[in-house]
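Okay, here's what each chain looks like letter by letter:
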Number of protein chains: 2
Amino acid sequence: MTLDPARLDMPLGEVIFSQRSIRRFRPDPISADDLQLILEAAVKAPSGGNRQPARFLVLNDPELIRQFGALYREAWWAKRRDENRPWTRREEIPPEDRGSASAARLADEIKDAPCIVLALSTGKGQASSVIPSVQNLLLAARALGIGSVPTTIHPQVQERVYRLLDIPPEMEFHQCIPLGYPRGRFGSTRRRGSAEVACMNRWGAPVPWAREEAALPK
Amino acid sequence: MTLDPARLDMPLGEVIFSQRSIRRFRPDPISADDLQLILEAAVKAPSGGNRQPARFLVLNDPELIRQFGALYREAWWAKRRDENRPWTRREEIPPEDRGSASAARLADEIKDAPCIVLALSTGKGQASSVIPSVQNLLLAARALGIGSVPTTIHPQVQERVYRLLDIPPEMEFHQCIPLGYPRGRFGSTRRRGSAEVACMNRWGAPVPWAREEAALPK
């Protein structure tokens with residue numbers, strides 16, 4: 001095993017401006033060297049008082065991922081029910097709701113992902129000390145050509161997930177991140193420009209790079 | 001104003017493995033081009049359902065930063081009181097507690113920072129859709145040679161901060177990030193290795209790159 005940070009040689013701008021959620025994966029495994037590099041990048045992120053409460057559980061055992069995938073799928077549909085979306089099958093999702101269609105397909109297919117990382121923390125209320133690590137993880141994966149998407153799981157299945165993976169109950173779950181080489185073609189992200197979501201010195205005052213015709217922060 | 005992502009040309013590995021919290025700043029201003037690039041990097045981060053609830057308020061007006069700094073300082077000491085740390089002045093902080101000493105100095109000096117970014121969100125419970133943007137912001141700043149540190153403010157001053165900056169009450173505050181060129185010398189971060197905080201397939205099972213003598217995840 002060798003840890004070689006120089007392998008993350010993609011320029012930061014290219015990584016950040018091309019990083020996007022990937023929900024379709026090829027079955028090819030992620031090498032242990034790549035996993036180590038991705039996780040070392042994750043632990044470098046800041047945490048409150050440098051207490052480093054983030055913990056990572058990496059799944060790459062196919063049978064375990066299949067079992068986890070069944071729970072993930074149940075959780076995904078439970079969340080639709082909570083959101084009062086009256087769908088019970090993928091075919092009922094309106095085709096124009098591409099985000100939900102894509103997330104529903106992931107819920108079906110995550111059981112075949114080559115790798116899944118669960119991000120947890122020792123102690124409660126630590127999101128701002130765990131999520132930065134997850135973002136580093138997503139960026140490092142992107143720089144290695146590995147796709148990822150941050151997802152959650154519904155409380156309905158949490159206890160069973162903890163039991164399946166021997167996770168101590170005092171650990172707080174934050175995110176579930178499947179990893180794999182992308183399958184198919186993906187475009188770039190669609191995001192608002194910073195001038196639409198940033199203001200200067202007082203709320204609602206435009207940033208210097210806002211064009212007059214651009215929408216101001218709302 | 002020109003947005004040139006190619007200026008973020010530092011390799012991702014170098015950025016992530018050298019990024020660290022900076023709490024002492026030179027007074028030199030941050031250019032609007034740099035601010036735009038940093039904020040465009042921020043908005044590229046993922047958010048739940050791509051709803052993009054993150055909002056940024058950038059302060060670079062010295063008088064406003066002075067006023068905000070006074071509230072930040074009050075908030076920092078209020079937090080010590082909450083934590084039952086019996087200090088009322090910087091001189092009382094044990095010298096071996098370098099983290100607290102450094103944070104206390106920031107509380108005194110933040111009023112002179114050339115720039116402060118507040119990260120907020122529309123709606124509550126959006127930390128996992130805001131903090132990834134903040135991490136992108138820290139990394140982009142690092143790649144431009146600009147120091148930063150994610151901090152919070154104590155509820156005791158929040159209403160006054162909102163009033164000072166005209167922030168609508170429905171916005172949720174997440175983090176306060178001073179930005180500036182580093183003053184003085186800084187070493188690298190001290191973080192646990194990933195083998196100490198990651199496990200494989202079941203809680204407590206070592207990752208393949210864990211040396212036998214290394215501590216297992218706790």
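For clarity, every value in this text was computed on a predicted model and none was experimentally measured.

Draft legend 1. Representation of the overall build of chain A within the structure. Each helix and strand in chain A was counted, giving seven helices and five strands. Walking chain A from its N terminus toward its C terminus, one meets helices and strands in the order α-α-β-α-α-β-α-β-α-β-α-β. For chain A, the spread of C-alpha atoms along the principal axes amounts to about 55 × 50 × 35 Å. A burial count over chain A gives 53% of its 218 residues as buried.

Draft legend 2. A look at the domain arrangement of chain A. Split by domain assignment, chain A resolves into domain 1 (5–185) and domain 2 (188–218). The centre of domain 1 of chain A, based on its C-alpha atoms, is set 30 Å off from the matching centre of domain 2 of chain A.

Draft legend 3. Local environment of the pattern of salt bridges. Residue and element names in this part refer to chain A. One pass over the structure, following the stated rule, counts 32 salt bridges over all chains. Two residues, Asp34 and Arg7, come together in a salt bridge whose shortest N-O distance is 2.6 Å. Pair noted here: Asp34 is in helix α2 (residues 32–43) and Arg7 is in the segment before α1 (12–18), with a separation of 27 residues, a long-range link. Take Asp34: its relative accessible area is 6%, and that puts it in the buried class. Look at Arg7 and you get partly exposed, because its relative accessible area is 35%.

Draft legend 4. Molecular detail of the relation of the copies chain A and chain B. The transformation that overlays chain A on chain B combines an axial shift of 0.0 Å with a rotation of 180°, and the residual RMSD is 0.0 Å. Put plainly, the chains are arranged around a two-fold axis. An overlap of 100% is found between the interface residues of chain A and their copies at the interface of chain B, pointing to a shared contact surface.

Draft legend 5. Fine view of the interface of chain A and chain B. Each partner contributes to the interface: chain A provides 72 residues, whereas chain B provides 72 residues. Across the chain A to chain B interface the summed buried area is about 6,400 Å²; carbon plus sulfur atoms make up 62%. Joining chain A to chain B, the criterion identifies zero salt bridges. Counting residues per element, the side of chain A that touches chain B draws most heavily on helix α5 (residues 127–143) of chain A, which supplies 10 residues. Considering only residue class, the side of chain A that touches chain B consists of 45 nonpolar, 16 polar and 11 charged. Note: strand β1 (residues 54–59) of chain A against strand β5 (residues 198–200) of chain B, three bridges, orientation parallel. Following the sheet pairing, Phe56 of chain A is matched in β5 of chain B by Ala198 of chain B.

Draft legend 6. Here's a closer look at the packing of α5 of chain A against helix α5 (residues 127–143) of chain B. Their axes nearest at 8 Å, the elements α5 of chain A and α5 of chain B cross at an angle of 60°. Our classification of the angle between α5 of chain A and α5 of chain B gives oblique. Viewed along their axes, α5 of chain A and α5 of chain B form a crossing whose handedness is right-handed. Along its contact with α5 of chain A, which presents Ala127, Ser128, Ile131, Pro132, Gln135, Asn136 and Leu139 of chain A, the element α5 of chain B presents Ala127, Ser128, Ile131, Pro132, Gln135, Asn136 and Leu139 of chain B.

Draft legend 7. Just the environment of His154 of chain A, in detail. Residues and elements named next belong to chain A. For His154, the location among the structural elements is in the loop between β3 (147–148) and α6 (155–165). Along the sequence, His154 and Ile93 sit 61 residues apart, while their C-alpha atoms lie 19 Å from each other. In this structure His154 touches Ala75, Ala78, Lys79, Arg81 and Asp82, once residues within four positions along its chain are discounted. In this structure the side chain of His154 is engaged in a polar contact, spanning 2.7 Å, whose partner is the side chain of Asp82.

Draft legend 8. Structural detail: α6 of chain A. Residues and elements named next belong to chain A. Residues of α6 that are buried include every one of Val157, Val161, Tyr162, Leu164 and Leu165, and no others. All buried residues of α6 fall inside an arc of 160° around its axis, so they share one side. Across α6 from its buried face, at more than 90 degrees, point the exposed residues Pro155, Glu159 and Arg163. Positive backbone phi, at 60°, marks Asp166, one or two positions downstream of α6.

Draft legend 9. Structural context of the packing of aromatic side chains. All names here are of chain A. Evaluation of the coordinates by the stated rule reveals four aromatic pairs over all chains. Aromatic pair Trp76 and Trp77: ring centres 4.9 Å apart, planes at 85°, arrangement edge-to-face. The pair formed by Trp76 and Trp77 is uniform in burial state, with each residue classed as buried. For the cation-ring pair, Arg80 lies above Trp76, with the distance from its terminal atom to the ring centre recorded as 3.8 Å.

Draft legend 10. Geometry of the nonpolar core. Core analysis: the biggest nonpolar cluster contains 78 residues, and Phe56 of chain A together with Phe56 of chain B have the highest contact counts within it. Excluding residues within four positions of it along the chain, Phe56 of chain A makes contact with Leu39, Ala42, Val43, Val117, Leu118, Ala119 and Ser133 of chain A together with Val197, Ala198 and Cys199 of chain B.

Draft legend 11. Highlighting unusual backbone geometry. Residues and elements named next belong to chain B. In the Ramachandran plot, Asn50 falls in the positive-phi region, its phi being about 50° despite a non-glycine side chain. In this structure, Asn50 sits in the loop between α2 (32–43) and β1 (54–59). For Asn50, a relative accessible area of 27% corresponds to the partly exposed category. Even without being a glycine, Asn84 presents a positive backbone phi close to 55°. Within the secondary structure, Asn84 sits in the loop between α3 (62–82) and α4 (98–109). Residue class for Asn84 comes out exposed when judged on its relative accessible area of 68%.

The rules behind the values
Residues numbered from 1 in each chain as written. Chains lettered and ligands numbered in written order. Predicted model: local features only at pLDDT ≥ 70, side-chain atom pairs only at ≥ 80, totals over all residues. Heavy atoms only, no water. Helix = DSSP H or I, 4+ residues; strand = E, 2+ residues; numbered from the N terminus. Buried < 20%, exposed > 50% of the residue type's maximum accessible area, 1.4 Å probe, protein only. Domains from an automatic or database assignment. Salt bridge = Lys/Arg side-chain N within 4 Å of Asp/Glu carboxyl O. Least-squares fit on C-alpha atoms with pLDDT ≥ 70 in both. Contact = heavy atoms within 4.5 Å. Buried area = accessible area lost by both parts, 1.4 Å probe. Nonpolar A, V, L, I, M, F, W, Y, C, P; charged D, E, K, R; others polar. Pairing = 2+ DSSP bridges. Axes fitted to C-alpha atoms, helices over the stretch in contact; angles between N-to-C directions. Parallel < 35°, antiparallel > 145°, perpendicular 65-115°, else oblique. Left-handed = near helix turned anticlockwise from the far one by under 90°. Polar contact = N/O pair within 3.5 Å; in protein donor to acceptor, adjacent residues only side chain to side chain. Arc of directions from axis to C-beta. Phe/Tyr/Trp six-rings, centres within 6.5 Å; stacked < 30°, edge-to-face > 60°. Lys NZ or Arg CZ within 6 Å of the ring centre and 35° of its normal. Core = buried A, V, L, I, M, F, W, Y, C linked by side-chain atoms within 4.5 Å.

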